Amino acid sequence: QVQLVESGGGLVLAGGSLRLSCAASGRTYNTYPMGWFRQPPGKEREFVAAIDSNGASTYYADSVKGRFTISRANTKNTVSLQMNSLEPEDTAVYYCAAGSVRATMSAYAYWGQGTQVTVSS
């Protein structure tokens, strides 16, 4: 019913910035709460940030507070993730998801295929 596609990943130096985008297709006339997760190499997927249906409330993992900003993009069911002051520990495949603002993967109904972010020191 809903397809999500991430874009904007790439290679950056430590201290640099990158902006990810998640575009929705399919049933895009409904609004969804949405979130970002990431999976470092060899690690489990972890929560990064989330935003409610109208963009009024945001939620962040402690590891990214003050550095990352989640926001609604140019459609109602898309989000962006502005990442500043990037660190090598931020290296991961980043996934967008729709359906919840919770920090657990099981709460989300739809997932994108992921985009690679690599931070070099």
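Here the structure is shown first, and the text comes after it.
What this report covers is the structure whose coordinates are included nearby. Being a predicted model, the structure only gives us computed values, none of them experimental.

Right, let's get into the environment of G10. Note that G10 resides in strand β2 (residues 10–13). With a relative accessible area of 24%, G10 lands in the partly exposed category. The sequence separation of G10 and N54 amounts to 44 residues, and the corresponding C-alpha distance is 29 Å. Beyond its immediate sequence surroundings of up to four residues, G10 is in contact with L18, Q116, V117 and T118.

Note on placement: D90 falls in the loop between β8 (79–83) and β9 (92–98). At 2.8 Å, the side chain of D90 and the backbone nitrogen of E87 are in polar contact. Non-local contacts of D90, meaning those with residues more than four positions away in its chain, are made with R38, R67, F68, S85, V117 and V119.

A separate point is the pattern of salt bridges. Using the criterion set out here, one finds four salt bridges in the structure. E46 is the salt-bridge partner of R38, the closest N and O atoms lying 2.7 Å from each other. Each of R38, E46, R67 and D90 takes part in a single network of salt bridges with overlapping partners.

Core analysis: the biggest nonpolar cluster contains 33 residues, and L4, W36, L81, M83 and Y94 have the highest contact counts within it. Secondary-structure elements contributing two or more residues to this core are β1 (2–7), β3 (18–26), β4 (34–39), β5 (46–51), β7 (68–72), β8, β9 and β11 (115–120). When residues no more than four places from it in sequence are discounted, the contact partners of Y94 are E6, L20, W36, F37, R38, V48, F68, L81, M83, G114, T115 and V117.

The subject of this paragraph is the sheet that holds β7. If you trace the four strands from one edge of the open sheet to the other, you get β1-β3-β8-β7, paired in antiparallel fashion. Two strands lie at the open edges of the sheet, namely β1 and β7, each paired on one side alone. Here the strands of the sheet are splayed against their neighbours by 15° on average, with no regard to which way each runs. Pairing of β3 with β8, which is carried by five bridges, proceeds in the antiparallel orientation.

Reading the values: rules and limits
- All chains use their own residue numbering, which begins from 1 and follows the written sequence.
- In keeping with the predicted nature of the model, local features appear solely for residues at pLDDT of at least 70, side-chain atom pairs appear and are counted solely at 80 or more, and the whole-chain, interface and lining totals rest on all residues.
- In computing side-chain properties, one takes all heavy atoms of the structure into account and sets aside hydrogens as well as water.
- Only DSSP runs of H or I with at least four residues qualify as helices, and only runs of E with at least two residues qualify as strands; both kinds are numbered from the N terminus onward.
- Accessibility here uses a 1.4 Å probe with only protein chains present; expressed as a share of the type maximum, an area under 20% marks a residue as buried, one over 50% as exposed, and anything in between as partly exposed.
- A contact between two residues is defined here by any heavy atoms of the two lying within 4.5 Å.
- Two N or O atoms form a polar contact when they lie within 3.5 Å of each other; inside protein one atom must be a possible hydrogen donor and the other a possible acceptor, and for residues adjacent in sequence the pair counts only when both atoms belong to side chains.
- Basic side-chain nitrogens of Lys or Arg form a salt bridge, by our definition, when they fall within 4 Å of a carboxyl oxygen of Asp or Glu.
- For the purposes of this section, nonpolar cores are sets of buried Ala, Val, Leu, Ile, Met, Phe, Trp, Tyr and Cys residues that join through side-chain atoms within 4.5 Å.
- Strand pairing is assigned whenever DSSP detects at least two bridges linking the two strands.
- What counts as an axis is a line fitted to C-alpha atoms, over the stretch in contact for a helix, and the angles between N-to-C directions run from 0 to 180 degrees.

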